[in-house]
Structure formats: structure tokens, C-alpha cells
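Spelled out, the chains give:
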Amino acid sequence: MLSNQEKMLIVQIWERLTPVAEEIGADALLRMFACFPGSKTYFSHLDISRGSPHLLSLGKKIVLALAEGSKDISQLTVTLAPLQIMHAYQLRIDPTNFKLLSHCMLVALSCHMRDDFTAVAHAAMDKYLSAFAAVLAEKYR
Amino acid sequence: MVHWTEKERTIITGIFSHMDYEDIGPKALSRCLIVYPWTQRHFSCFGNLYNAEAIMGNANVAAHGIKVLHGLDRGVKNMDNIVATYAELSILHSEKLHVDPDNFKLLSDCITIVVAAKMGHAFTGETQAAFQKFLAVVVSALGKQYH
């Protein structure tokens, strides 16, 4: 459950990070690959080393999707419909990995925003990422 | 027994040797109480936990945060014997405090994020992996004596 204040905070953070979407997204992914090596199994067809174009492009896509979703959280099911289908039928990434990436995204935000990533912002963002992940997994079964 | 590489040992002991317990401890515990409010169930005697400001200004929370963070020291000093090191604390948390072991993971995630904010980009993926591995081993040890 997100309050209006929390929704605003979330929008503000993603607006602030959209210009560095590549950097944040790639950082979060690299952290996930380092901490949870099982997550790498979904990317065996890509070059996911630091600085690789594949990694940067993937990181950017993820952050931009998060930013887009944040603009109207009540409409997540509509906004994410194409991504839902892709993850359910094509990518078939086990949804436990969404939690792992969410955690690494929070760490990436914390490293980037330092003291600006307050406890209240952290709480709001954690709730948003959980909701996003839940919607993403909705069409799995 | 957990296998630690030399690099991991260096990273972990390095983080704790530079740790500002008085800063990180309160921040980590208050963050846990704010981000995962159901964890407040164990702290009803701590006074005002009504909102984020109250939690962050609560002296009991701060003192307890420092205590809990120092609790990790014994793990750092006994990295090759973490299960035995935390056996007594595990029994305490299970039989006296009745804490759901899932809560240990929530707090350890908050510690990670607070340390990340402090270290900024020096908290690399490699550093995070080593630090999280250490916390995960401690969390597992704390849950070991539950039955």
C-alpha cells in the first residue's frame, strides 16, 4: 500500500535517475550477478561483463521500465502487459530472481544517492519494486 | 564449514575495522523498523515508534542498534566457526525472545543498504557479495538452534 507522498517520492527518484539509467541499471545487474551467480544462467547468450553494450542496454531498459511504471502505479497491469507476456512465455525467468534484482537495485540506489536514499524513500521504493515484480509475474500461471 | 577466500576475509575484516558502529547501528535498526514495520513487534517497550521521525530519534532503538551491530564482531573474529559462535545467541532468540528467523534476513538487508550508502561506489559488487555472504552465514547460524 503506497501513500500519495510515497508515490511522489518514487516518481521523483526515477525522474532523477532517468539520465543515468544505463549506469544504475548496469550496476544493479552486476551486483546481482556477483551476489547471486544463479541469476547469470538467464544471460548465457549475452555478454554481461562490466561495460559491455549488452549489459548497458539491458540495464537501461530495466530502469526505464521502472521509471515508466512509476508514473501511474495504479495502472501497472496495463503498462506492464507486454513485459508480462514476454517474461511469462518467452524469458520464463523464475520470479524469485525479481526479488534478487530488486534488492540489488536498492543497493545501487543507496550507493548512488547516499544519504538522499532515506529510510522513508527506501520503504517506498521497496514496496514499489515488490508491486512491480508481482505484476510482472502475473501471467506466469 | 564455510569456505572463505583470502579476498573475502580481507573485504569483511576491512569493512568492520572501518565501521562507525555509533552511526551504522542506529541507522540499520531504525531502517528495519521503518521499512518492515512488522518487526516493531519485538520492541513494544522501546517507547515511541509511531512514525519514521520517532523511530529515528528513539534513543532505545539507537542503543540497541549499536548492540546488535557489535554482535557481528564475534562472527568476524571467528569466521571459521560461526555456527558455534552464535549457538548461544540463537537459543536466546528462539526460546526467550521468540524472534522469527526471517527477521534476521530483513535486518541484514538493511545493514547492507546502510553500509552501501556510507561507502558509496567503494561498495562494489565484489564487496557486496562478500559482505552479504558473511551476513547470510551469521543469519543461518542464528537460526540453527531453533526447533
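This one's a predicted model, so the numbers in the text were calculated from it and none came from an experiment. (Residues numbered from 1 in each chain as written. Chains lettered and ligands numbered in written order. Predicted model: local features only at pLDDT ≥ 70, side-chain atom pairs only at ≥ 80, totals over all residues. Heavy atoms only, no water.)

Considering the interface of chain B and chain A
Selection rule: The criterion used for residue contact is that any of the two residues' heavy atoms lie within 4.5 Å. Accessible area, probed at 1.4 Å, shrinks when two parts are joined; the buried area is that loss added up over both. Only one rule defines a salt bridge in this text: a Lys or Arg side-chain nitrogen within 4 Å of an Asp or Glu carboxyl oxygen. Any N or O atom pair separated by 3.5 Å or less is treated as a polar contact, with the protein-specific requirement of one donor-capable and one acceptor-capable atom, and with residues adjacent in sequence counted only for side-chain atom pairs. Secondary structure follows DSSP: runs of H or I at least 4 residues long count as helices, runs of E at least 2 residues long count as strands, and numbering of each begins at the N terminus. Under this grouping Gly is polar, as are all residues other than the nonpolar Ala, Val, Leu, Ile, Met, Phe, Trp, Tyr, Cys and Pro and the charged Asp, Glu, Lys and Arg.
At the interface, 23 residues of chain B touch 21 residues of chain A. In total, chain B and chain A occlude about 1,700 Å² of area from one another, counting both sides; carbon and sulfur atoms represent 57% of this. Where chain B meets chain A, there are 0 salt bridges. Taken together, the links from chain B to chain A amount to 11 residue pairs in polar contact (both at pLDDT 80 or more). Contributing elements (two or more residues each) for the side of chain B that touches chain A: helix H2 (21-35), helix H3 (52-56), helix H8 (102-119) and helix H9 (125-143) of chain B. For the side of chain B that touches chain A, the element with the highest residue contribution is H8 of chain B, accounting for 8 residues. Taken together, the residues that form the side of chain B that touches chain A break down as 12 nonpolar, 7 polar and 4 charged.

Some thoughts on the packing of aromatic side chains
All names here are of chain B. Applied cut-off: Only Phe, Tyr and Trp rings are paired, with Trp represented by its six-membered ring, and only when their centres lie within 6.5 Å; those with planes under 30 degrees apart are stacked, over 60 edge-to-face, the remainder tilted. Buried residues are those whose accessible area, probed at 1.4 Å on protein chains only, stays under 20% of the maximum for their type, while exposed residues exceed 50% and partly exposed ones sit between those limits.
A full pass over the atoms with the stated rule returns 10 aromatic pairs over all chains. Look at Phe16 and Phe134: their rings are 5.6 Å apart centre to centre, the planes differ by 70 degrees, and that puts the pair in the edge-to-face class. Pair noted here: Phe16 is in helix H1 (residues 6-17) and Phe134 is in helix H9, with a separation of 118 residues, a long-range link. Phe16 gets classed as buried once you look at its relative accessible area, which sits at 6%.

Quick notes on the packing of helix H6 (residues 96-113) of chain A against H8 of chain B
Rule in force here: Note on geometry: axes are C-alpha line fits, over the in-contact stretch for helices, and angles between N-to-C directions span 0 to 180 degrees. For classification purposes, an angle smaller than 35 degrees is called roughly parallel, one larger than 145 roughly antiparallel, one from 65 to 115 roughly perpendicular, and anything else oblique. Each crossing gets its handedness from the near helix: less than a right angle anticlockwise from the far helix is left-handed, clockwise is right-handed.
Look at H6 of chain A against H8 of chain B: their axes get within 7 Å of each other, and the N-to-C directions meet at 30 degrees. As far as their axial angle goes, H8 of chain B and H6 of chain A are roughly parallel. Taken as a pair, H6 of chain A and H8 of chain B cross one another with a handedness that is right-handed. Together, His103, Leu106, Val107, Ser110 and Cys111 of chain A of H6 of chain A and Asp109, Thr112, Ile113, Ala116 and Ala117 of chain B of H8 of chain B make up the contact between the two elements.

Re helix H2 (residues 21-35) of chain A
Quick note on the threshold: Here the expected length of a helix is defined as 1.5 Å per residue gap, with one fewer gap than residues.
Compared with an ideal rise of 1.5 Å per residue, which puts 15 residues at 21 Å, H2 of chain A spans 21 Å between its outermost C-alpha atoms and is within 8% of the ideal. The buried fraction of H2 of chain A is high, at 12 of 15 residues. Restricting attention to buried positions, one finds in H2 of chain A the residues Ala21, Ile24, Gly25, Ala26, Asp27, Ala28, Leu29, Leu30, Arg31, Met32, Phe33 and Cys35 of chain A. On its buried face, H2 of chain A is in contact with helix H1 (4-17), helix H3 (53-70) and H6 of chain A together with H9 of chain B.

Details of the UniProt feature "domain: Globin" (unreviewed entry) in chain A
Selection criterion: UniProt positions are given in the numbering used here, feature names are shortened, and annotations may be inferred rather than shown by experiment.
UniProt tags residues 1-141 of chain A as "domain: Globin" (unreviewed entry). Across residues 1-141 of chain A, the secondary structure splits into 70% helix and 0% strand, with the terminal C-alpha atoms separated by 24 Å.

Description of the packing of H8 of chain B against H9 of chain B
Residue and element names in this part refer to chain B. The N-to-C vectors of H8 and H9 enclose an angle of 155 degrees; their axes lie 10 Å apart at closest approach. Classified by the angle between their axes, H8 and H9 sit roughly antiparallel to one another. Crossing angle aside, the handedness with which H8 passes H9 is right-handed. Between H8, through Phe104, Lys105, Ser108, Ile111, Thr112, Val115 and Met119, and H9, the contact on the second element is made entirely by Thr127, Gln128, Phe131, Gln132, Leu135, Val139, Leu142 and Gly143. Broken down by class, the residue content of the contact of H8 with H9 amounts to 8 nonpolar, 6 polar and 1 charged.

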